[in-house]
Amino acid sequence: MTRLDLNLVLALDALLTERNVTRAAERLGLSQPALSAALSRLRAHFDDPLLVRTGRTHELSALATRLAALTGGTLDRLHAIFRSTADFEPASEVREFVIHASDNSATTVGVRVRNLASRAAPGVSIRFIHQAAAALQAPAPAELLAASDGVILPHGVFAGGDHIDVMRDEWVCIVADTNTVVGAELRIEDLATLPWVSNHHGPDRAIPPARHLHLLGIRPNVDTVVDGFLSLPYFVSGTDRIAFMPAAAARLIPRSLGVRVLDAPFPAIAHELAFWWHPVHDGDPAHEWLRSLFATVGAENLDSPAPLHPR
């Protein structure tokens with residue numbers, strides 16, 4: 001390692017991303033000859049061409065394809081290390097935190113964290129990046145941790161790890177007011193026969209209520225798939241579709257949509273959210289302060305939870 005120039009990691013990442021020396025040089029603010037020299041050094045180090053010309057373009061070699069999966073996360077961890085400070089003064093700090101969150105967790109937890117941060121640290125910004133359903137599939141969650149300041153995810157996605165519990169919720173079902181099949185209470189047969197709108201793409205990604213139905217031998221008829229929770233009521237309104245969503249998200253449904261919120265026809269299933277982070281952040285005072293905000297919001301939610309039934 002002492003004989004390596006770590007600037008080559010930046011060059012490697014740019015070359016593997018752009019697959020073009022000129023564009024990679026522009027991305028790094030270097031001259032094309034300088035990046036060509038870096039590519040030569042990288043080829044000598046790995047004893048591999050890395051970029052292989054195919055007609056007028058370049059393709060990644062087999063080794064370069066494997067390296068491309070490593071360089072981004074490596075750089076993110078390096079950035080996290082060098083963003084760390086010996087101390088942290090919220091009132092004078094200028095910094096951005098990056099957090100991955102679903103639309104539900106951003107609106108129910110993230111907003112409250114953001115408001116606490118604004119009062120104590122006006123120079124601190126928080127960027128919430130929408131977390132698609134695919135992000136819940138391994139190994140993606142671990143990659144998100146390494147590439148950000150943290151993620152807000154339900155329990156069950158990670159097998160262990162550093163986290164702070166921020167909300168305990170319950171899954172509820174939503175149906176349209178115009179749905180004549182569903183009465184005052186939802187029945188198991190309704191879940192088996194009516195079309196579903198879901199924010200997951202299949203049995204392996206199904207939300208907990210759907211997994212419960214699979215155990216009962218019922219396969220939901222999912223005819224619409226969306227990314228996120230807050231758009232679900234719009235696909236339910238005025239139709240026979242049904243959907244499951246966390247109760248906290250259901251409380252945000254506009255009354256004008258004409259959507260009812262009902263209990264599931266089986267024992268309540270918890271939806272427990274937590275803020276998770278990578279160990280690289282453990283010794284960073286700024287990140288400790290960020291975690292304290294999540295701890296405050298979590299304590300408020302868990303000590304005095306909002307009513308689970310939104311209607």
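Everything discussed here concerns the structure shown above.
The text that follows walks through the structure, step by step, so that each part is easy to find.

What counts, and where the lines are drawn
- Residues numbered from 1 in each chain as written.
- Predicted model: local features only at pLDDT ≥ 70, side-chain atom pairs only at ≥ 80, totals over all residues.
- Heavy atoms only, no water.
- Phe/Tyr/Trp six-rings, centres within 6.5 Å; stacked < 30°, edge-to-face > 60°.
- Helix = DSSP H or I, 4+ residues; strand = E, 2+ residues; numbered from the N terminus.
- Buried < 20%, exposed > 50% of the residue type's maximum accessible area, 1.4 Å probe, protein only.
- Salt bridge = Lys/Arg side-chain N within 4 Å of Asp/Glu carboxyl O.
- Core = buried A, V, L, I, M, F, W, Y, C linked by side-chain atoms within 4.5 Å.
- Contact = heavy atoms within 4.5 Å.
- Lys, Arg positive; Asp, Glu negative; His and termini not counted.
- Polar contact = N/O pair within 3.5 Å; in protein donor to acceptor, adjacent residues only side chain to side chain.

1. Topic: the packing of aromatic side chains
Applying the stated rule across the entire model yields 6 aromatic pairs. Arranged with centres 6.3 Å apart and planes meeting at 35 degrees, the rings of Phe 97 and Trp 289 form a pair that is tilted. Of this pair, Phe 97 sits in strand 3 (residues 95–101) while Trp 289 sits in helix 11 (residues 285–303), and the two are 192 residues apart along the sequence. For the pair Phe 97 and Trp 289, one class covers both residues: buried. Taken together, the aromatic side chains of Trp 196, Phe 244 and Phe 266 make up a single cluster linked through ring pairs.

2. What about the pattern of salt bridges?
Under the definition given, this model contains 12 salt bridges. Among the salt bridges present, the one from Glu 18 reaches Arg 27, with a minimum N-O distance of 3.5 Å. The exposure class of Arg 27 is partly exposed, given its relative accessible area of 43%. Note that Arg 168 is salt-bridged to Glu 272, the shortest N-O span being 3.7 Å. Here Glu 272 lies in strand 11 (residues 270–276) and Arg 168 lies in strand 6 (residues 163–176), a separation of 104 residues in the sequence. Overall, the relative accessible area of 46% leaves Arg 168 in the partly exposed class. Given a relative accessible area of 35%, Glu 272 falls into the partly exposed group.

3. A word on the nonpolar core
Counting residues in each nonpolar core, the largest one holds 35 residues, and the members touching the most others are Ile 174, Leu 191, Leu 232, Phe 244 and Met 245. Every element with two or more residues in this core is listed here: strand 6, strand 7 (195–198), helix 8 (208–215), helix 9 (232–236), strand 9 (242–246), helix 10 (247–250) and strand 10 (259–262). With 6 residues, strand 6 is the largest single contributor of residues to this core. Non-local contacts of Met 245, meaning those with residues more than four positions away in its chain, are made with Glu 170, Trp 171, Val 172, Ile 174, Phe 229, Leu 232, Pro 233, Ala 250 and Ile 253. Core analysis: the next-biggest nonpolar cluster, separate from the first, contains 25 residues, Ile 99, Ala 106, Ala 117 and Met 167 among them.

4. Looking at the side chain of Arg 114
With respect to the secondary-structure elements, Arg 114 resides in helix 5 (residues 103–120). For the buried Arg 114, no salt bridge is present, and the opposite-charge side chain at shortest range is Glu 96, 8.6 Å distant. At 3.1 Å, the side chain of Arg 114 and the backbone oxygen of Val 124 are in polar contact. Every residue in contact with Arg 114, bar those within four places of it in the chain, is listed here: Ala 121, Val 124, Ser 125, Ile 126 and Phe 128.

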